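# Geometric and topological summary
Spelled out, the chains give:
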Amino acid sequence: MAPAPSTSTRPAILTGFHFTKTTLGAFSEGYDIVGHMDRPDLALIPPGVADRVQALVTTGSVGASDALMAAFPRLSLICCYGTGYERMDLEAARRRNIMITHGADANAPDVAEMAVGLVLASHRRIVRADKMIRRGEWTKRIPNRFGAISGLTGAKFGILGLGAIGLEIARRMKGFDVEIGYCNRNKRDDVDFPYFADVMELARWSDILMVVLRSDASNRHIINAEVLKALGPRGHLVNISRGWAVDESALAHALRNNIIEGAALDVFDEEPYEGTELLDIDNLVMTPHFGGGTEHAQRRMTASVRANLDNHFAGKPVVTPVPELRAWANSPEAPKPKA
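What you see is a predicted model; the values in this text were computed from it and never measured.

Moving on to the overall build of the protein. A count of helices and strands for the protein gives eleven helices and twelve strands. A globule of 339 residues ought to have a C-alpha radius of gyration of about 20 Å, and the protein, at 22 Å, matches this closely. Referenced to the eigenvectors of the C-alpha coordinate spread, the extents of the protein come out at roughly 70 × 50 × 30 Å. Looking at the protein residue by residue over its 339 residues, the buried ones come to 50%.

Turning our attention to the sheet that holds strand β2 (residues 32–36). Read across the open sheet, the five strands follow the order β2-β1-β3-β4-β5; overall the sheet is parallel. In the strand order of this sheet, the two ends are held by β2 and β5 (99–101), each with one partner. The average angle at which neighbouring strand axes cross in this sheet is 20°, direction not considered. By the bridge criterion, three bridges tie strand β1 (residues 12–15) to strand β3 (residues 55–58) in an arrangement that is parallel. Considered in β3, the bridge of isoleucine 13 is made with alanine 55. Lying over the sheet, helix α1 (residues 21–28) contacts β1, β2 and β3, oriented at roughly 135° with respect to β2. In the packing of helix α10 (residues 295–313) onto the sheet, the strands contacted are β1, β3, β4 (77–80) and β5, and the crossing angle to β4 comes to about 165°.

This next bit is on the environment of leucine 251. Take leucine 251: it is sitting in helix α9 (residues 248–256). Sequence separation of leucine 251 and alanine 263 is twelve residues, and the distance between their C-alpha atoms is 8.4 Å. Residues contacting leucine 251, with those up to four places away along its chain left out, are Leu228, Leu237, Val246, Ile260, Ala263 and Leu265.

Attention now moves to the pairing of β2. Across four bridges, β1 lies against β2 in parallel orientation. Bridge pairing in β2 links alanine 12 to aspartate 32. Of the crossover connections in this fold, the one passing from β1 over α1 to the parallel β2 is right-handed.

You can see phenylalanine 19 is positioned in the loop between β1 and α1. Note: C-alpha distance between phenylalanine 19 and threonine 302 (283 residues apart in sequence) is 9.6 Å. Apart from residues lying up to four places away in sequence, phenylalanine 19 is in contact with Leu24, Phe27, Val57, Thr58 and Tyr81.

This part is about the packing of aromatic side chains. All told, the structure shown has seven aromatic pairs when counted by the stated rule. A ring pair is formed by phenylalanine 196 and tryptophan 205, whose centres lie 5.1 Å apart and whose planes are at 40°; its orientation type is tilted. Each member of the pair, phenylalanine 196 as well as tryptophan 205, carries the same accessibility label: buried. When the ring of phenylalanine 268 is compared with that of tyrosine 273, the centres are 5.2 Å apart and the planes differ by 35°; the resulting orientation is tilted. Ring pairs connect the aromatic residues Phe17, Phe19, Phe27 and Tyr81, which therefore count as one cluster.

What follows concerns the packing of helix α4 (residues 108–123) against helix α6 (residues 164–173). The interhelical angle for the contact between α4 and α6, taken along N-to-C directions, is 50°, at an axis separation of 8 Å. As judged from the angle between their axes, α4 and α6 are oblique. Between α4 and α6 the crossing geometry is right-handed. The segment α4 lies against α6, with Ala108, Pro109, Val111, Ala112, Glu113, Ala115, Val116 and Val119 engaging Ala164, Ile165, Glu168, Ile169, Arg172 and Met173. Each residue belonging to the contact of α4 with α6 can be placed in one class, and the counts come to eleven nonpolar, no polar and three charged.

Moving on to the environment of aspartate 41. Along the chain, aspartate 41 turns up in the loop between β2 and β3. For aspartate 41, a relative accessible area of 27% puts it in the partly exposed group. Sequence-wise, aspartate 41 and alanine 64 are 23 residues apart; in three dimensions their C-alpha atoms are separated by 9.3 Å.

With that out of the way, let us pick up the nonpolar core. Counting residues in hydrophobic clusters, the biggest one holds 43 residues, and the most contacted among them are Ile78, Ile100 and Leu309. Broken down by secondary-structure element, the contributors of at least two residues to this core are β1, β3, α2 (66–70), β4, α3 (90–95), β5, α10 and α11 (326–329). In this structure, isoleucine 78 is in contact with Leu56, Thr58, Ala64, Met69, Met88, Ile98, Met99, Ile100 and Thr101, ignoring residues within four places of it in sequence.

Further remarks concern the state of the cysteines. Here, the word disulfide means a covalent bond between the sulfur atoms of two cysteines. Per the counting criterion, the structure on display carries zero disulfides. Here cysteine 79 is not cross-linked by a disulfide; its sulfur's nearest cysteine counterpart is in cysteine 80, at 7.9 Å. A relative accessible area of 0% places cysteine 79 in the buried class. Judged by relative accessible area, which is 1%, cysteine 80 ranks as buried.

Considered for burial, the residues of α9 that qualify are Glu248, Ala250, Leu251, Ala252, Ala254 and Leu255. Of the surrounding elements, those touching the buried residues of α9 are α8 (225–231), β10 (236–239), β11 (262–265) and β12 (284–286). Capping the start of α9, aspartate 247 holds a side-chain oxygen 3.1 Å from the backbone nitrogen of serine 249, two or three residues further along. Asparagine 258, located one to two residues past α9, shows a positive phi value of around 60°.

What counts and what doesn't
- Residues numbered from 1 in each chain as written.
- Predicted model: local features only at pLDDT ≥ 70, side-chain atom pairs only at ≥ 80, totals over all residues.
- Heavy atoms only, no water.
- Helix = DSSP H or I, 4+ residues; strand = E, 2+ residues; numbered from the N terminus.
- Rg over C-alpha atoms; globule rule 2.2 N^0.38 Å.
- Buried < 20%, exposed > 50% of the residue type's maximum accessible area, 1.4 Å probe, protein only.
- Pairing = 2+ DSSP bridges.
- Axes fitted to C-alpha atoms, helices over the stretch in contact; angles between N-to-C directions.
- Contact = heavy atoms within 4.5 Å.
- Right-handed = clockwise from strand over helix to strand, strands pointing away.
- Phe/Tyr/Trp six-rings, centres within 6.5 Å; stacked < 30°, edge-to-face > 60°.
- Parallel < 35°, antiparallel > 145°, perpendicular 65-115°, else oblique.
- Left-handed = near helix turned anticlockwise from the far one by under 90°.
- Nonpolar A, V, L, I, M, F, W, Y, C, P; charged D, E, K, R; others polar.
- Core = buried A, V, L, I, M, F, W, Y, C linked by side-chain atoms within 4.5 Å.
- Disulfide = S-S within 2.5 Å.
- Polar contact = N/O pair within 3.5 Å; in protein donor to acceptor, adjacent residues only side chain to side chain.

What follows is the structure, given as structure tokens:
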């Protein structure tokens, strides 16, 4: 039997991510959560809710296709929990009169903390050393057990994408006395770091290459075999932005064949990671996309989603539209809630 029609006057939202009880509670204060989807599969739309859904709250790594948007005739808003929005079909959203928002820099300090931790874990072989002891292999002192470790002092630290998170990382890494350079869509006037016009130039210069790119389709596999070769046999790669920025097959080959010295990933092309080619690589550190997984970041990202929901359903411009839709969001033609 189909569910009885709702008599609630509150906007109905569908979740596409496993949020905490606290976050769901914050959403429930003003909205009816009418269902949840584990992944963006039309077959998983909860029965009887498609015609009620007015907003979708999900993540950029989960995404929303044209077909998924079409399944909800009243959908006028998609909120991405977090910075990324790489799997959102922006063209379809425009055509269907659906606004898309993201968390902008809500989790920037927390992701930056994680980035520094991954740099140390990879460059100083922290995870490999921990495993060695746990396996009972520390039987005598062996200099250079994991090869010569250069240390961070004086290292050339390249940041690919100097946005809010990149700036937070740079601020923290200054304490290690590294030399910072960056590659960005445009040269910034508010920093004095060396600027590199493209990723190959930055990789050739860098000892450590930190990927902090905005997550759009133009950056897919920007870190490829050629860039890794340019980084060189003493180089380290860290990715805390979005998984699809790195060609994982090329990275696996580079790590196994000493094309680069080490790497650390908090993000993967497909999440959860279910592949096998990265699992047995000893000079790779992996964490399950939790750079923004602190209580502080969760509160800020939840507040960001609520602000976007509240403004939209009050007929006001959303607070943090994705950059490609910013002008549209602040125009008279911006999407409005659908009756």
